[in-house]
Amino acid sequence: MMLSRAKPAVGRGVQPTDKKKKKGRKIPKLEELLSKRDFTGAITLLEEYENATKEENCNSEVWVNLACTYFFLGMYKQAEAAGFKASKSRLQNRLLFHLAHKFNDEKKLMSFHQNLQDVTEDQLSLASIHYMRSHYQEAIDIYKRILLDNREYLALNVYVALCYYKLDYYDVSQEVLAVYLQQIPDSTIALNLKACNHFRLYNGRAAEVLMEAELKSLMDNASSSFEFAKELIRHNLVVFRGGEGALQVLPPLVDVIPEARLNLVIYYLRQDDVQEAYNLIKDLEPTTPQEYILKGVVNAALGQEMGSRDHMKIAQQFFQLVGGSASECDTIPGRQCMASCFFLLKQFDDVLIYLNSFKSYFYNDDIFNFNYAQAKAATGNTSEGEEAFLLIQSEKMKNDYIYLSWLARCYIMNKKPRLAWELYLKMETSGESFSLLQLIANDCYKMGQFYYSAKAFDVLERLDPNPEYWEGKRGACVGIFQMIVAGREPKETLREVLHLLRSTGNTQVEYMIRIMKKWAKENRVPI
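1. Quick word on the overall build of the protein
Logical step 1: Counting its secondary structure elements, the protein contains 31 helices and 0 strands.
Logical step 2: Looking at the protein as a whole, 47% of its 527 residues are labelled buried.
Logical step 3: Look at the contacts in the protein between residues 6 or more apart in sequence, and 48% of them connect residues 24 or more apart.
Logical step 4: Counting only carbon and sulfur atoms, one obtains 50% of the accessible surface of the protein, whose full area is about 28,600 Å².

Laid out in structure tokens, this is it:
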């Protein structure tokens, strides 16, 4: 967890120890303080090391100890400056190796990587860098190799379990984690990971129940040295509860827990506050697949909201980058990214290739069904498109114009124009209802469904006296009349056709009505 610190511990309410109390006390080792998460003690130690460096003939080991203290407090620039003043050693190389990763300096990273030796400490450092660069299988291989010769290194089971969690192997993660929890049943970090696996395997409620049952007493009794663990758990509870309490819990953690920023962005997206989500993520330089994906989602949402081609292009590039990467191309998130990339490019046949590859995992997922239905309809398979649209349960989604317009089109193409008309009738008068009327009027006309085309053009004409709407209504009414004459439409429908025509002030109406009334009289049709 220390290696993921994004905000220095200094300045977060942690104050140096009273100097008067330090007199006559043995200076504790940095490892002891960090193992207890005692940042107050670590800052005190920092003062001791800083004072020691000012003395003549200062031992060069003081510099590397000072650098390590800076590092674990999240003060990376100071750590690098002190680290380069230290004499060369394996510890110094490991420290600078991690700092090169923090500063995203590939050249330095590879240089320090070459200096690593086949010793446990160096290999553990290498594994941690693999983990932070999302090379989870490589990290697992190192941890397992070390565990073969060092069964007593129980904590490595937690690291392996965390890697499997990141690889979406939640059941395997649970099995490995159980080995550690059998020996250390009150580990806050391990129990938190167990709860996260429950969240992925079952649901948020299951994870929350586990956390309340196994961690509550630990959290209540924990000292201030476990503040980071408390923050981690508070953060995860927000996730387990579907975002409840996000605005109270997540903002202070944005630069402490890396995932806090991402989850806050997700919260804003779910609240339809796309601009706030964008403000929070626009300056983030993505380094993990999750960050690339979320930045792509935000840009796609903002692009759709603003009609911005630039944001849509950025989103498409992010999705393609993740979906085309060697590490993600065979994962579900990677395939989702490629589907999203092709969706934005309007290449719906390609969209379906990817969506079909993991469809079985998302049968009841509204968002998946929404995208799948659109892709099916866009490729002409309106029957399966309609079926997928009707699987959606979210009322918010079902009131979205995109949903209504695509479902109406599917109904019309599937020869169910009455259902499309009913969708319109349920809408309140708005610009969107006007657009849906236009869709129904024109699509029904193209499909020879003249009755509902005429009804839609009639409403459009009354809302907007555009000559095109009269022409559409006239053509649809003639089409219905022809179908009545041919016996393909009930004769009783003629009465409503005449009613629709009489609502128009166009001079052509009287001639059309005379023709229709004459036919009705000859064929004894009541009008």
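Here the narrative resumes, following the displayed structure.
2. Let's talk about the environment of Pro252
Logical step 1: Its place among the elements puts Pro252 in the loop between α15 (246–249) and α16 (258–270).
Logical step 2: Taking the C-alpha atoms as reference points, Pro252 and Glu231, separated by 21 residues in sequence, lie 9.6 Å from one another.

3. Description of the packing of helix α29 (residues 467–485) against helix α31 (residues 509–522)
Logical step 1: Orientation of α29 relative to α31, taken along the N-to-C sense of each, is 10°, at an axis distance of 12 Å. In terms of their interaxial angle, α29 and α31 are classed as roughly parallel. In contact with Trp470, Arg474, Cys477, Val478, Phe481, Ile484 and Val485 of α29, α31 contributes Val509, Met512, Ile515, Met516 and Trp519.
Logical step 2: Within the contact of α29 with α31, the residues separate by chemical class into 11 nonpolar, no polar and 1 charged.

4. Concerning the nonpolar core
Logical step 1: Among the nonpolar cores identified, the biggest contains 65 residues, and Phe389, Trp421, Ile440, Leu494, Leu501 and Met516 are the most heavily contacted of them.
Logical step 2: Each residue touching Ile440, except ones within four places of it in the same chain, is listed here: Ile412, Ala420, Trp421, Tyr424, Tyr445, Tyr452 and Ala456.
Logical step 3: Of all hydrophobic cores here, the second largest spans 56 residues; its members include Ala127, Tyr136, Val160 and Cys163.

5. Topic: the confidence of the model for the protein
A low pLDDT means the predicted coordinates there should not be read in detail.
Logical step 1: Mean pLDDT for the protein: 88, with 88% of residues reaching 70 or above.
Logical step 2: Every residue in residues 11–25 is under pLDDT 50, and counting partners more than four places away or in other chains gives 18 contacts.

6. Observations regarding the packing of aromatic side chains
Logical step 1: Counted by the stated rule, this structure contains 24 aromatic pairs.
Logical step 2: Taken together, a centroid distance of 5.4 Å and an interplanar angle of 85° make the contact between Tyr445 and Phe450 edge-to-face.
Logical step 3: Among the residues examined, Tyr445 registers a relative accessible area of 35% and is labelled partly exposed.
Logical step 4: Note on Phe450: relative accessible area 17%, which makes it buried.
Logical step 5: Residues Tyr451 and Tyr452 carry aromatic rings whose centres are separated by 4.9 Å and whose planes lie at 80° to one another, so their mutual orientation is edge-to-face. Grouping residues by exposure puts Tyr451 and Tyr452 together as buried.
Logical step 6: These aromatic residues form a ring-pair network of at least three members: Phe358, Phe362, Phe368 and Tyr372.

7. A closer look at the pattern of salt bridges
Pairing between side chains of opposite charge can happen when their charged atoms approach one another.
Logical step 1: In this structure the tally under the stated criterion is 19 salt bridges.
Logical step 2: Between Asp122 and Arg94 there is a salt bridge, with the nearest N and O atoms lying 2.8 Å from each other. In this pair, Asp122 sits in helix α8 (residues 120–132) while Arg94 sits in helix α6 (residues 90–102), placing the two residues 28 residues apart along the sequence.
Logical step 3: According to the relative accessible area criterion, Asp122 is buried, its value standing at 1%.
Logical step 4: The exposure class assigned to Arg94 is buried, which follows from its relative accessible area of 15%.
Logical step 5: Ionic pairing is found between Arg261 and Asp255, a salt bridge with its closest N-O pair at 3.0 Å.
Logical step 6: Overall, the relative accessible area of 32% leaves Asp255 in the partly exposed class.
Logical step 7: One network of salt bridges, with partners in common, ties together Arg205, Glu208, Glu212 and Arg241.

8. Observations concerning unusual backbone geometry
Across residues other than glycine, the phi torsion is negative in most instances, and most of the peptide bonds are trans.
Logical step 1: The phi dihedral of Ser134 is positive, around 65°, even though this residue is not glycine.
Logical step 2: Looking at the element boundaries, Ser134 is found in the loop between α8 and α9 (136–149).
Logical step 3: With a phi angle near 75°, Asp168 is a residue other than glycine that sits in the positive phi range.
Logical step 4: As for its position among the elements, Asp168 is in the loop between α10 (155–166) and α11 (170–183).
Logical step 5: Asp168 sits in the partly exposed class, given a relative accessible area of 38%.

Criteria and thresholds
- Residues numbered from 1 in each chain as written.
- Predicted model: local features only at pLDDT ≥ 70, side-chain atom pairs only at ≥ 80, totals over all residues.
- Heavy atoms only, no water.
- Helix = DSSP H or I, 4+ residues; strand = E, 2+ residues; numbered from the N terminus.
- Buried < 20%, exposed > 50% of the residue type's maximum accessible area, 1.4 Å probe, protein only.
- Contact = heavy atoms within 4.5 Å.
- Areas by Shrake-Rupley, 256 points an atom, 1.4 Å probe, with all protein chains shown as cover.
- Axes fitted to C-alpha atoms, helices over the stretch in contact; angles between N-to-C directions.
- Parallel < 35°, antiparallel > 145°, perpendicular 65-115°, else oblique.
- Nonpolar A, V, L, I, M, F, W, Y, C, P; charged D, E, K, R; others polar.
- Core = buried A, V, L, I, M, F, W, Y, C linked by side-chain atoms within 4.5 Å.
- pLDDT = per-residue confidence, 0-100.
- Phe/Tyr/Trp six-rings, centres within 6.5 Å; stacked < 30°, edge-to-face > 60°.
- Salt bridge = Lys/Arg side-chain N within 4 Å of Asp/Glu carboxyl O.

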